[in-house]
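Working through the structure, step by step
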Amino acid sequence: MSTYSAAAIAPPNIAFIKYWGNRDEVLRLPVNGSLSMNLDGLWARTRVTFVPGLAADTLTLNAQPQRGASLERVRAFLDLVRQMSGLRWAAAVQSENNFPAGAGIASSAAAFAALALAATAAAGLEMDRAALSRLARRGSGSAARSVPDGFVEWEVGQDDRTSYAFSIAPPEHWELLDCVTVISRAHKPVGSSAGHRLAASSPLQAARVDDAPQRIARCRQAILERDFAALAEVVEQDSNLMHAVMMTSSPPLFYWLPATLRVMEAVRRWRREGLPVCYTIDAGPNVHVLCLPEAQEEAQRRLAALEGVQQVIVARPGHGARLLEEENA
Ligand code: PMV
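No experiment lies behind these values; they were computed from the predicted model shown.

Calculation criteria
Each chain has its residues counted from 1, running along the sequence as written. The predicted nature of this model means local features are confined to residues of pLDDT at least 70 and side-chain atom pairs, given and counted, to a pLDDT of 80 or more, with totals for whole chains, interfaces and linings taken over all residues. Each side-chain value is derived from all of the structure's non-hydrogen atoms; neither hydrogens nor water enter the calculation. For two strands to pair, DSSP has to find at least two bridges joining them. By definition, any uninterrupted DSSP run of H or I lasting at least four residues is a helix, any uninterrupted run of E lasting at least two residues is a strand, and each is numbered from the N terminus. Note on definitions: a residue-residue contact is assigned when non-hydrogen atoms from the two residues lie within 4.5 Å. To get an axis, a line is fitted to the C-alpha atoms, and for a helix only the part in contact is used. The angle between two axes follows their N-to-C directions and goes from 0 to 180 degrees. Near, as used in this document, describes a residue that has one of its heavy atoms within 4 Å of the molecule or strand being considered. Pairing of N or O atoms within 3.5 Å defines a polar contact, subject to two protein rules: one partner must be a possible hydrogen donor and the other a possible acceptor, and residues neighboring in sequence count only if both atoms are side-chain atoms. The accessible surface values rely on the Shrake-Rupley method and a 1.4 Å probe; as for residues, cover is taken only from the protein chains in view. Charged means Asp, Glu, Lys or Arg here, nonpolar means Ala, Val, Leu, Ile, Met, Phe, Trp, Tyr, Cys or Pro, and polar covers whatever is left, Gly included. Residue ranges for the domains originate in an automatic or database domain assignment.

1. Looking at the sheet that holds strand β6 (residues 44–51)
Taken in spatial order, the six strands of this open sheet run β8-β7-β9-β6-β1-β16, and their pairing is mixed. Edge strands, defined here as strands with exactly one partner in the open sheet, are β8 (64–65) and β16 (322–323). Examined bridge by bridge, strand β7 (residues 58–61) and β8 share two bridges and lie antiparallel to one another. Pairing of L61 across the sheet is with Q64, part of β8. Packed onto the sheet, helix α1 (residues 68–85) meets β6, β7 and β9 (90–97) and runs at close to 125° relative to β9. Packed onto the sheet, helix α2 (residues 107–122) meets β1 (5–10), β6, β9 and β16 and runs at close to 35° relative to β6.

Next up, the structure:
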């Protein structure tokens, strides 16, 4: 039975240029390309075991059996792996995260990258990184970016085959830190799958999408040249653009809380005063404050002192998804 079992680990990632909106919902083909950094030390760890005679797929998340929407999403994903491999058995999936839920760290990216690798290995499929990224994309778009190492670009592509993520620089390339500034742990009222569907209803979305290739080029260059000032400018602009689209869609999505704005304002002020920091915000109120190592201690201390900040979690650039060989032996 061990031949049909494998375990994998994958990190969450933070997008510097955001993915918001699909042009094909089933294939999760994005309307624009995106760019991100994997977060080291944070992970989803998943074991998949295909079991002859098991009546239906099962899922446990941090040892809690799951039902409903999250189980259905995993089942639909396993169906893709069954189609690719010809295997017909149901699978038992056990997954754990080492980062707190609701901290504004995208758990679905880590979860589907780890699931894609563990499920294909368990089914005996040999996949290259591009194929694995494409498959992970079908579970959650941003999961495509948790497959390759370090700093990662997800190509918008023409179709299923051409839309996948690849590494533009390894994690050692630049020691950029993400100080995840937790403001609320409440479950977000509108998740990203529903959010992607609303994006096109904003009149600002077309402008955001049209300009995305230019922002990706600026961001890629800033990373390759380790130019923090250039990175800060494009990362904050891109985050503001996505939130402008969210706030102007029908119905509108407002993810920020008063403390979110307080952090944004403070980060901009600190940068003007010479501290290398900038912010980016996903679909929630928590703020990812990027900084250079020399600013970490000061940034962490100042962030923790702001009203409404509950916790600051620091992560450096990390590797992508990998199999846990020792557990697969
Ligand atoms: O992969 P999804 O469907 O959870 O979408 C991610 C959306 C954002 O986190 C807001 C942006 C991004 O590019 O990660």
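2. Quick word on the site of the ligand
By nearness alone, 14 residues border the ligand, and Y19, S142, R145, S192 and H196 come closest of all. S192 is positioned such that a nitrogen or oxygen atom in its side chain is 2.6 Å from an oxygen atom of the ligand. Bound to the protein, the ligand loses 95% of the 380 Å² it would expose on its own. A class-by-class count of the residues in the shell around the ligand yields five nonpolar, six polar and three charged. Residues from two domains meet in the shell around the ligand; each of domain 1 (5–172) and domain 2 (173–315) gives at least three.

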